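Per-entry structural report
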Amino acid sequence: MMLIFGFKTKIAAYGTVFLLLIFALSMTIALGVKAPLDYSVWAGSAAAFLLATQKEYFFSIDTLTKKS
């Protein structure tokens, strides 16, 4: 919900990276390499990491509440 509304985006994105990375690793160990690639878990983790490394978020609540 935090990512959808753009509230505390950096914290939520890093949490998403961690959760998806753990999920992808466990899925790889349990089901093999093909399953996480079929469900794009690695791509989701990489996208969350890309979001977490952004300096500014234009369309988010964080931008509205930021003190200038």
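Worth saying up front: this structure is predicted, and the values here are computed from it rather than measured.

Considering the overall build of the chain
When helices and strands are counted, the chain shows 5 helices and 0 strands. A compact globule built from 68 residues would reach a C-alpha radius of gyration of about 11 Å, whereas the chain, at 14 Å, exceeds it by more than 25%. By its C-alpha atoms, the chain is 50 × 15 × 15 Å across when sized along the principal axes. Relative to its 68 residues, the chain shows a buried fraction of 24%. Within the chain, contacts between residues at least 6 apart in sequence are counted, and of these 57% link residues at least 24 apart.

So, a nonpolar patch on the surface
Where nonpolar side chains cluster on the molecular surface, the patch consists of Met1, Met2, Ile4, Phe5, Phe7 and Ile61 and spans about 650 Å² of accessible area. When residues in the nonpolar patch are grouped by element, the largest group, 3 residues, is from helix 1 (residues 2–5). By secondary structure assignment, the location of Phe5 is in helix 1.

Considerations on helix 4 (residues 41–52)
Since there are 3.6 residues in each turn of an α-helix, residues three or four apart along the chain are aligned in direction. Counted at 1.5 Å a residue, the expected span for helix 4 with its 12 residues is 16 Å, and the 17 Å between its end C-alpha atoms agrees. Residues of helix 4 that are buried include every one of Val41, Ser45, Ala48 and Ala52, and no others. Looking straight down helix 4, one finds its buried side chains confined to an arc of 65°; they lie on one side. In this structure, the buried residues of helix 4 make contact with helix 2 (9–31) and helix 3 (34–38).

Structural notes on the side chain of Asp62
Relative to the assigned elements, Asp62 resides in helix 5 (residues 61–65). Apart from residues lying up to four places away in sequence, Asp62 is in contact with Gly6, Phe7, Lys8, Thr9 and Tyr57.

Here we look at helix 2
Compared with the 33 Å implied by 1.5 Å per residue over 23 residues, the 31 Å span of helix 2 between its first and last C-alpha is a close match. By the burial criterion, the buried members of helix 2 are Thr9, Ala12, Ala13, Val17, Ala24 and Met27. Buried residues along helix 2 sit in contact with helix 1, helix 3, helix 4 and helix 5. Backbone geometry just after helix 2 places Gly32 at a positive phi near 100°.

Focus: the environment of Tyr14
Structurally, Tyr14 is set in helix 2. In sequence terms Tyr14 and Leu50 are 36 residues apart; their C-alpha atoms lie 9.7 Å from each other. Non-local contacts of Tyr14, meaning those with residues more than four positions away in its chain, are made with Phe49, Ala52 and Thr53.

What counts and what doesn't
Residues numbered from 1 in each chain as written. Predicted model: local features only at pLDDT ≥ 70, side-chain atom pairs only at ≥ 80, totals over all residues. Heavy atoms only, no water. Helix = DSSP H or I, 4+ residues; strand = E, 2+ residues; numbered from the N terminus. Rg over C-alpha atoms; globule rule 2.2 N^0.38 Å. Buried < 20%, exposed > 50% of the residue type's maximum accessible area, 1.4 Å probe, protein only. Contact = heavy atoms within 4.5 Å. Patch = residues over 30% accessible without salt bridge, like charges linked within 9 Å, V, L, I, M, F, W, Y side chains within 5 Å. Areas by Shrake-Rupley, 256 points an atom, 1.4 Å probe, with all protein chains shown as cover. Salt bridge = Lys/Arg side-chain N within 4 Å of Asp/Glu carboxyl O. Expected span 1.5 Å × (residues − 1). Arc of directions from axis to C-beta.

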